[in-house]
Structures are given as C-alpha cells and as structure tokens.
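Summary of the model geometry
One-letter residues, chain by chain:
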Amino acid sequence: MAELPIPDLPPARCSGRFTISTLLGMEEGGRGPYTPTEGSSCDSVQPTHLSSSTLCTRTFGYNTVDVVPAYEHYADSKGVGEPRKGRPSLADLHSILKVTEGLAVPTASLASPGHAAGPCEVSAGLEEAEGEPGRDSVPEPVRFGWVKGVMIRCMLNIWGVILYLRLPWITAQAGIALTWLIILMSVTVTTITGLSISAISTNGKVKSGGTYFLISRSLGPELGGSIGLIFAFANAVAVAMHTVGFAETVRDLLQEHNSLIVDPTNDIRIIGVITVTVLLGISLAGMEWEAKAQILFFLVILVSFINYLVGTVIPATAEKQAKGFFSYRADIFAQNFVPNWRGPEGSFFGLFSIFFPSATGILAGANISGDLKDPAVAIPKGTLMAIFWTTMSYLVLSATIGACVVRDASGSLNDSVAVGSLGCEGLACSFGWNFTACTQQRSCRYGLSNYYQSMSMVSGFGPLITAGIFGATLSSALACLVSAPKVFQCLCKDQLYPLIGFFGKGYGRNSEPIRGYMLTYVIAVGFILIAELNAIAPIISNFFLCSYALINFSCFHASITNSPGWRPSFRYYSKWAALFGAAVSVVIMFLLTWWAALIAFGIVLFLLGYVLYKKPDVNWGSSMQASSYNMALNYSVGLSEVDEHIKNYRPQCLVLTGPPNFRPALVDFVGTFTKNLSLMLCGNVLIGPQKQKMPESRLMADGHTKWLMKRKIKAFYTDVVAEDLRSGVQMLIQAAGLGKMRPNILVLGYKRDWRTASPQSLEDYVGILHDAFDFKYGVCLMRMKEGLNVSRVLQAHVDPTTLASEQQASTIFQNKQGKKTIDIYWLFDDGGLTLLIPYLLGRKKRWGKCKIRVFVGGQINRMDEERKAIVSLLSKFRLGFHEVHILPDINQKPRPEHIKRFDDLIAPFRLNDGFKDEATVNEMRQGCPWKISDEEVDKNRAKSLRQVRLNEILLDYSRDAALIAITPPIGRKGRCPSSLYMAWLETLSQDLRPPIILTRGNQENVLTFYCQ
C-alpha cells in the first residue's frame, strides 16, 4: 500500500472518492506534506450519502492514496456524460510524486489541458446545482414491489379465457387424473423457466428490457436481439388476440339480446378497437394507473372464483340439474376421473396443446423489470408465487367441476324420471334424470363435454363469471400492451437493428416509451381489424415458447461455462433442469403446431444471421464469450497433448510489422494465406526506456487490434518494450504464442536503407535472421519496389483513438491478380516451405486464376531427366503444380556490368586489408564487424556471382509475374559479414517490379507424400 508520513491532524471527513490533490496536498515554503492551507480542509468536496463517514486521511491511521471499498467504485455511470467513479489507478499508487504548485501529485495523474473534471469535482458541482434555489427537483419514478409489480401481473397474464371456457371441457375429455397430469406437465415447464429467470435476474443488476435484457445479456446480442424483436411483436399481436377474445364475448351477449351493432364480424372490430383504445389511454396515463387497473381486474377475477366455489356447494335447482349439475357427488367424481375421448381433438397431446397456452404468461412481471424496486427480489419471488397460486386454481377448478357436473345433459326439464326407471342409461339416472336419448344420438347441448359455459352455469351468479372472463382478457391485453413497448424500447436503445432507434426515446419520470405504445397500438388495431386470429395464434404461442427455451438455455449455458461472473444469489435452480426445460419447450412448439414452429425458427435464424453479419459493437460479458474462452482454452491444452505431424503443419507467422498500419502490404500478404488456416501474430518492438514506453504500449494495443479487425485480418497484436530492436525480437521469438499455437516462421520486410542506415542497425537486422534460425524458425523476407513502410504518408504519428477510423491504405494483395503467374524458384531444398506458401496463396479467390510455375536449377545435358524427377516429386506432394522449368544456364557467368555493380555495392564496406592474416583482420575489424575482408570476398566470390546471375534470370523470366518466391542464400554465422549478406539479398532482388518473397524453411519437412 502506498503510504506517506503525516503530522497529526484533526480527523477531517471527505467523500469516499479522493482526488490526488486532496490526498497529497503540500504547501511550499517548508510546510509538511498534507498540511492544509488557510481556509481549506481535507474535504474539498461535499460528502456523499454513500461515504460521508469515511475518514479522509485517517482510514488506517496514516495518509494513503489507497481508498476503502465502496459501492461507487463498482457501479456504472447512470447517464451519458456522468463520470464513472473509480479507485486510484495503479499508476497513481506507484508512480513518482511530482511537486507542482504546492501539491504533491503522481505524474500519471497530472491533468492535461482540457481534461474532464474529476469525479469528486463533478459530484460537488452537481450537489451545488441541486441546492440552488428555484431549481426543480427531479420526481422519483414509480417503482413496484414483488406483489403489485410481478405476482399479480403474472397471475393475470396466466389466467385467461381457457380457464373459464376450456378447462371444464378438457376435464370431461381427459378425466380429472389426466387433466391434472396435463396441468402439472405444463407447470413443470413454466416452473423450470421461472427458476431460470430467477437465477438470471439475480446475477447482477437488472435494468429495463425484461426478457430481451435477460437473454441478450446472458447469451449475447445475436440470440437476444432476435428474440427481443419477435417477443415484442408477439406481445403486440397478443394484445389483439386478448382484445378479440373480449370482443367476442361481448358480441355473444349482444346476440343473446338481439342487440348487434352491425353484424357479428364488424361488431368484433368495433368493440375491439374501442377497447384497445381505452387500454392505450390507461397505459399512457402512466404505470401507476396501469397498476391500479390491473388490481381492479385481479379483484374481479377473485370474486368470480369465489362466486364459482360458492355455486358448487349451493343445492342444484331443477334447471341446473337438467343441465348436468348435481353438486358434489362421489360417483360423478369417479366417472369423471377417467378419460372419455371425443372428437378430432380427443387425445392427450391434443388437449395438452390446447391447455398449455393458459400456463404461459410468467414473463409479464420480468418484462417491466425497469419499473421494479428490486428486480433481483421481485422477479424470483413474484414469478414463482404466481405459478404456485395459478396452478392451485387450475387443480381446484378441475377437481371441483369434475365432481359436480356429468359429461352429458339435455337441458330439458322434461327428462326427469323416477330413480331406477327402466330404459334409462347413464349416471344421471340415479339422480332422477334420463339423458339416454341425447347421449346416444350425440346431441346433448349441456354437460361438461358439450357446454363451454359450465362454470357460469355452476356459479352462484352467472354474470360474475362473465365479468371474470372480461377481467382475464382485458388484464392480459393490458399486460401485453405494456410489455411490448418496454421490451422494444430496450432493443431500440441497443441499436442492434436499423430504423428502430426512433422508438427508443422515453418520456417522463418512468421513461415511458410513448412512441413504442403507439406502434404497439397500430399493430394491435391492424390485427383486430383482421378479426381472424386463428392462423396467427399458433405462431405467437411459438414465439413465447422460443423465449422460454432461450431463457432456460441461457441459465444452462451460463452455468456450464463455469464463468467466475456467474454468481446468482438465487440458488434453487439446476443447470440440467434448465437444459431439460429448454428441450421440452422446443418439443412443445412442434406438438402445438409444427408448421408454426418451423416459421418461428426460420424468423429467429434470419434475425440471428443479420446480427451475426452486422457484428454490433457491444460487449455485455455474455456466456457465449465465456464459452468461447473455455473452448479455446480446452483446445489449446488439448493440442499440447498431441504430437506434431507433417500433415498437420501450418505456417504460423510472427510478423514484424511494427505498428500494423505502417506496413499494410506485409499484413495483407500474411493475412491472405493464414486466414482461417493458421496463426498470425503482428509483433511490435517499442524501443526506449520502459517507464516511457509502457504507457504507449497500453494505449496503442487496442487501437492496433481494432485496425486489424476493420481490415478483416484475423491476427493478434502484441508488443514488447526493449532497449533495441534485436533484443525485442528475441523476446517475441521466445515468448510469443501459447503451447502448440506458437509461431514457426518469422516474417519481416526487407531493409531497403541498409546502405545508409547506422552500421549497428544493419548488424541487428542480420542478427535477427540468425536468431530466427537459431530458434528453429523459418524466415520469410518481403521486398516490394515501392517499399513497405507507409508511416511517412501517415505523418509517422499514431493516435490510438483514431487508428480504427483512419482511411485504410490499399495494397496489391487486396486486388484480384487475374491470369498472371506466381513464379517459385525452388533452388535449395529447405523442407518445402518455399513451395507451401505460394500454394496456400493460390488457394485464395484473389489469386485463384494465377498460374504457378516452378523453376529449379539443372544441367543442360540432363534437363529432361531432372524435369521429370521434379514433376514426379511435385505430383506426390499433390500441390497441383504442373509447369516446371529447368534453368540450365544458372551457372553461367553473369554480365560484366552486373558484376561491376555488385563490386561497387560492397566497396564501401570492404576492409581492403590486402589478404592479411586472421589476427590482423580481426584487429582491423574491431568496432566494425560488418566490414568485409579481402579473403571473405574471395572465398564467397562464387556465391556472390550466383546472386548476380539469379537476378538476371529473374529479370528474364519473371518480369511480369504477380509474385516471385525464391529460396535466399544463408550467410554462415560468424563467417559472413552482415554487409556482404545484405549485398547478396540486394543483388538478388533488385530492379524487380513484382513483390518478391525470400523464403527459407528451417530445413525440416513441411510437405509429405505419405498418408501416415
């Protein structure tokens, strides 16, 4: 811990975040450090409500720049432009203190002109602004607890018309036992999903956006965005569905009293539009009014339930008995306990598909997560309690109505008979009613199997059941009308899709998505006017099930990745149960409507593909990222357990680019043949003192990586700080890579200025090549006529913030090469690397039309035999190289003017020692090891002339090639001066228009013609 001595001071208080000037205050004129100036105190800013009790300089009894743990150190900024409060940086704690204007400040914290105000300064300014007279205070937004915000909302959305109109009929078909099984199977799926929601919503602070927010922040923007869009649309259409259900019920009541407005279809449209307009008005009035309306609907449904239960114990009248109601009877319960399948839908899974939508709706509370006081408490508690109470209501209703009402009844008072009458069949005979005729003719109008309004008939007061139906439909419609804009608003703010940002704007203290409400209203009215929702209803159900499946998968995936960031405070979940819930949700999608499931999957995949293609610039720490890390780690470790094989050899390149944007051609060349194939690592050596260069390294790394990504180069960037280039490259060669994912080829640009550069840089450059060979690396040098370094064009200045946005330089390797040639001069056997790199390049689309020619040395009297031998060898390598040329004149003496040019090239670097003995030469060369002795010139004369002759051949054969690849000579370490070696490379590659690649393997095979 950084600490400084301090004289005794009164324990002044300050806010939890300390500016460096506050902590390290020092007066000029010999005052001790931290002695306060006149009229000042340690607390230069106002205390905050979070940390007003923190002692400024006496936390541990001595002064320290370190701060105690506090909430604001970990909290995100709440608004755009508001500073993020952070602890002192590492540089603040260990950098050298610099005295400036009486204040001791770490050099790393000195503000530059125009710097943003510090957190304490801004917070003080905000508090002063809030305290000014006449300044209106911002009203607190409305927030709900778990009962009002989640439980009641979910219960209302789960309850629907199926509860009133279809559950008695399902009980008649499947029997009480199987109906309970159907209910419990449905609830199992929703309960597992509820547990998954609870786990996800307690793994960090949940903001607005509901289901979309939970899925996108868990699985990432790809799946989250697609589900968010279809979930918002599904809720908008669900508004129309529930409203049409309400309108149909009202229409039926009007028909009973012969009071139709226009006709049955248009009445639904008129009533539906009026209803959804009223619901929109309630929503626009604010969440508080919407919550009050939901409580009213909840009370209406509760009253209707109580009314029904009271009706089951009231003695049945003759009219009710004629319709099949006989109060609680054990024999009725026994008969209805077993199934009695009827009609085309009379099967277990047929009835399951009808009932299951009535168990959904558990996301209604989570969808308004931004309006909850504490989502981490409210969502788990409210959702699970809603599932429990609605399940109990379903089970009780099924059991009670199955114990009171027979399956078939005529409804005619004339069917009463004496108990035990002959010719009477069925259970009703023992109660004095003969329903035999209508039962046999299948013409009974009443009874559980025939009369959908059985609950209304059983209840104490029938209109209350109708009121319950109204409450269930309207509450579900209102919940969906609120959910859709809330989810869509969050999606719009994330800007994953184009043209929807307009709807993300919020209004008022609750940031209400007014524009989203209007869009939802338009969609709902459009579907209400269709008035035929039977076709769209299955697709909507499948959209909701898609959400269930992905929520469960999110929980499973986050658990299985073992990410340290997955720490939900809700512990009562299982990753395997979540996986089971996801799988069952998908199965149910196909059980409900297989074609709708396919449509839903198609839409999800289309939206998923769009986000994958666009690659939005968001980073939410999703489990997909954790999974990618796990996979990469496991595969990397797994590679270490596998022995290398020639068949699996890949050219893994360490490219000495410096800043990658300085040498784009070198980056493009290597990126072309390594893309989706092997490792590419761009290395940069920052030369200078470590203290000076480390900040530069940290600043630039991200910028260079983003530049590579923008250029679509699949590569890593790394840099090292070193005293000189050679030692830095040695660090990279030894330390770059991971396990088997380590470079095996060093790629660098040709040093064009070697004749005018400092002798030491020349020594370092050639020394780097020797170091690469020492570490068993292959070497690839690239030379282009116009050079590689474009830093002068970029004014040799790199701003890390503008790297990714700067205009990308175009290079030859980004263009299609057409029907040119790639010429390979395989002069020496280096293991095959000289052949492999052009082959990989030729597989790419831009180089695919180029013809590859192979040139090898030979004797004029054995040309055919040598050509056949090379063709045979190449065919065994399966490279597809069929054009082979033998160079019989490779050993001819070069032209005199070219020899003279070579001699002139090395003349400035000669010792001119007159063939003195080795000791004398070494003494003369002391301090200038790059110099060439006369003996070295003479000994290497043949090799030198070979390079001159090869240059002539290259100019003759490959003047118009797209690329030349040639095996360079190797200078023996300690025997070949660096200037002589560079003269060879210069002579070999000079005056050539196409790019030339000087490739030398490490003399180990990279090609094989064996299959094992």
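Residues numbered from 1 in each chain as written. Predicted model: local features only at pLDDT ≥ 70, side-chain atom pairs only at ≥ 80, totals over all residues. Heavy atoms only, no water.

The next point concerns the state of the cysteines. Counted by the stated rule, this structure contains one disulfide. Here Cys438 connects covalently by a disulfide to Cys444, the sulfurs 1.9 Å from one another. Residues Cys438 and Cys444 share a disulfide whose torsion about the S-S bond is about 80 degrees; that sign makes it right-handed. The thiol sulfur of Cys653 is not disulfide-bonded, and the nearest other cysteine sulfur, from Cys780, lies at 7.2 Å. Note on Cys653: relative accessible area 0%, which makes it buried. (Disulfide = S-S within 2.5 Å. Buried < 20%, exposed > 50% of the residue type's maximum accessible area, 1.4 Å probe, protein only.)

Positionally, Ser475 belongs in helix α17 (residues 462–494). In this structure the side chain of Ser475 is engaged in a polar contact, spanning 3.1 Å, whose partner is the backbone oxygen of Ala472. Residue contacts for Ser475: discarding those within four places in its chain leaves Leu156, Gln294, Phe297 and Ile301. (Helix = DSSP H or I, 4+ residues; strand = E, 2+ residues; numbered from the N terminus. Polar contact = N/O pair within 3.5 Å; in protein donor to acceptor, adjacent residues only side chain to side chain. Contact = heavy atoms within 4.5 Å.)

What follows concerns a nonpolar patch on the surface. A cluster of nonpolar residues, Leu309, Met385, Phe388, Trp389, Met392 and Val396, forms a patch on the protein surface that exposes about 510 Å² of accessible area. If one sorts the elements of the nonpolar patch by residue count, helix α14 (residues 375–402) sits on top with five residues. You can see Phe388 is positioned in helix α14. On the basis of relative accessible area, Phe388 is assigned to the partly exposed category, the value being 42%. (Patch = residues over 30% accessible without salt bridge, like charges linked within 9 Å, V, L, I, M, F, W, Y side chains within 5 Å. Areas by Shrake-Rupley, 256 points an atom, 1.4 Å probe, with all protein chains shown as cover. Salt bridge = Lys/Arg side-chain N within 4 Å of Asp/Glu carboxyl O.)

The next subject is the packing of helix α6 (residues 167–201) against helix α13 (residues 348–355). Packing of α6 against α13 leaves a shortest axis separation of 10 Å and a crossing angle of 75 degrees. Relative to α13, α6 is oriented roughly perpendicular. Here Leu167, Trp169, Ile170, Gln173, Ala174, Leu178, Leu181, Ile182, Ile183, Met185 and Ser186 of α6 come into contact with α13, specifically with Phe348, Leu351, Phe352, Ile354 and Phe355. For the contact of α6 with α13, a count of residues per class yields 14 nonpolar, two polar and no charged. (Axes fitted to C-alpha atoms, helices over the stretch in contact; angles between N-to-C directions. Parallel < 35°, antiparallel > 145°, perpendicular 65-115°, else oblique. Nonpolar A, V, L, I, M, F, W, Y, C, P; charged D, E, K, R; others polar.)

Here helix α26 (residues 759–774) contains 16 residues, and its C-alpha end-to-end distance of 22 Å stays within 8% of the 22 Å for a straight helix at 1.5 Å per residue. Those residues of α26 that are buried lie in contact with β5 (653–656), α25 (725–735), β8 (745–749), β9 (778–783) and α33 (978–989). Of the residues flanking the end of α26, it is Lys776, one or two places downstream, whose phi is positive at about 65 degrees. (Expected span 1.5 Å × (residues − 1).)

Attention shifts here to the sheet that holds strand β7 (residues 716–722). With mixed pairing, the 10 strands of this open sheet are ordered in space as β7-β6-β5-β8-β9-β14-β13-β10-β11-β12. Of all the strands in the sheet, the pair left with one neighbour each is β7 and β12 (883–887). This sheet shows a mean twist of 20 degrees between the axes of neighbouring strands, independent of strand direction. Both strand β11 (residues 851–857) and β12 contribute to a ladder of five bridges, which runs parallel. Of the residues in β12, the one forming a bridge with Val856 is Ile886. Docked against the sheet, α25 engages β5, β6 (680–687), β7 and β8, running at close to 135 degrees with respect to β7. The strands touched by helix α28 (residues 863–877) are β11 and β12; relative to β12, the strand with the most contacts, the crossing angle is about 140 degrees. (Pairing = 2+ DSSP bridges.)

So, on to the confidence of the model for the protein. Scored by pLDDT, the protein has a mean of 81; 84% of the residues are at 70 or more. Below a pLDDT of 50 lies the segment residues 1–57, which in the model reaches 129 contacts outside its immediate sequence neighbourhood of four places, other chains included. Confidence drops under pLDDT 50 across residues 107–136; counting only partners more than four residues distant or on other chains, this segment forms 30 contacts. (pLDDT = per-residue confidence, 0-100.)

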